[in-house]
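Spelled out from the first residue to the last, the chains are:
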Amino acid sequence: MTTPLLILIAGPYRSGTDGDPALIARNLARLEEAAAPIHRLGHVPMIGEWAALPILRGMDETDAAEGDVMYETAHRLLQHCDAVLRLPGDSAGADKDVEIALERGLPVYRSLDEIPAREVAAA
């Protein structure tokens, strides 16, 4: 494979936090820990919250209440992703990401060790 994969990193974000901002931040940090290793393998890491949080900040309360922007954004993003890395931990959203990926025939990795390194074509 010479083309880099766009890999969605899926795992707990709000799950198990009871809305505690410190616990949510800790979960996001865990998701982000996988980004650099994916990059080193020659691919492009993506986390749904990276795309969804600016959208939420730009919405008023009425817009934000009409749907779950986090899930919606991840589902739209999955239409462009080539694979999913499912990190451990309970998460209905991450489980849904895996379900969508499998429906699309995308690989779902459960470990960084499962992700193939990109082969760089000789110049």
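The structure contained in this document is the topic of the report that follows. (Residues numbered from 1 in each chain as written. Predicted model: local features only at pLDDT ≥ 70, side-chain atom pairs only at ≥ 80, totals over all residues. Heavy atoms only, no water.)

### Some remarks on the sheet that holds strand β3 (residues 83-86)
To be explicit about the condition: We treat two strands as partners when DSSP finds at least two bridges between them. Secondary structure elements are taken from DSSP: a helix is a run of H or I of four residues or more, a strand is a run of E of two residues or more, and numbering for both begins at the N terminus. Contacts: residue pairs with any heavy atoms within 4.5 Å of one another. To get an axis, fit a line to the C-alpha atoms, keeping to the stretch in contact for a helix; angles then go from 0 to 180 degrees between the N-to-C directions.
Taken in spatial order, the four strands make up an open sheet running β2-β1-β3-β4, and their pairing is parallel. Each end of this open sheet is capped by a strand with a single partner; those strands are β2 (44-46) and β4 (108-109). Sheet analysis places strand β1 (residues 6-10) next to β2, joined by three bridges and oriented parallel. Bridging across to β2, I7 finds its partner in P45. Against the sheet, helix α6 (residues 92-103) touches β1, β3 and β4, its axis set at about 150 degrees to β3.

### A short note on the nonpolar core
Counted only if it meets this: Within this scheme, the nonpolar core is defined by two criteria: the residues are buried Ala, Val, Leu, Ile, Met, Phe, Trp, Tyr or Cys, and they are joined through side-chain atoms within 4.5 Å. Buried, partly exposed and exposed residues are distinguished by accessible area as a fraction of the type maximum, computed with a 1.4 Å probe on protein chains only: under 20%, between the cut-offs, and over 50%, respectively.
One finds I7, I9, L31, I38 and L85 to be the most contacted residues of the largest nonpolar core, which totals 19 residues. Residue assignment for this core shows that the elements contributing at least two residues are β1, α1 (21-33), α2 (35-40), α5 (69-77) and β3. Counting residues per element, this core draws most heavily on α1, at three residues. With residues up to four places along the chain from it excluded, the contact list for I38 reads I7, I9, H43, V44, P45, L85, L112 and I115. Core analysis: the next-biggest nonpolar cluster, separate from the first, contains 14 residues, A10, L78, I100 and V108 among them.

### Some points on the environment of C81
Relative to the assigned elements, C81 resides in the loop between α5 and β3. Using a relative accessible area of 3% as the deciding quantity, one classes C81 as buried. Excluding anything up to four places from it in sequence, C81 contacts L6, L8, R104 and L106.

### Things to note about the pairing of β3
Definition in use: Here, the term right-handed applies to a crossover whose path from the first strand over the helix to the second runs clockwise when the strands point away from the viewer.
Covered by surrounding structure in β3 are A83 and L85 together with V84 and R86, the residues of both alternating faces. Examined bridge by bridge, β1 and β3 share four bridges and lie parallel to one another. For I9, the partnering residue across the bridge sits in β3 and is L85. Handedness of the crossover joining β3 and β4 through α6: right-handed.

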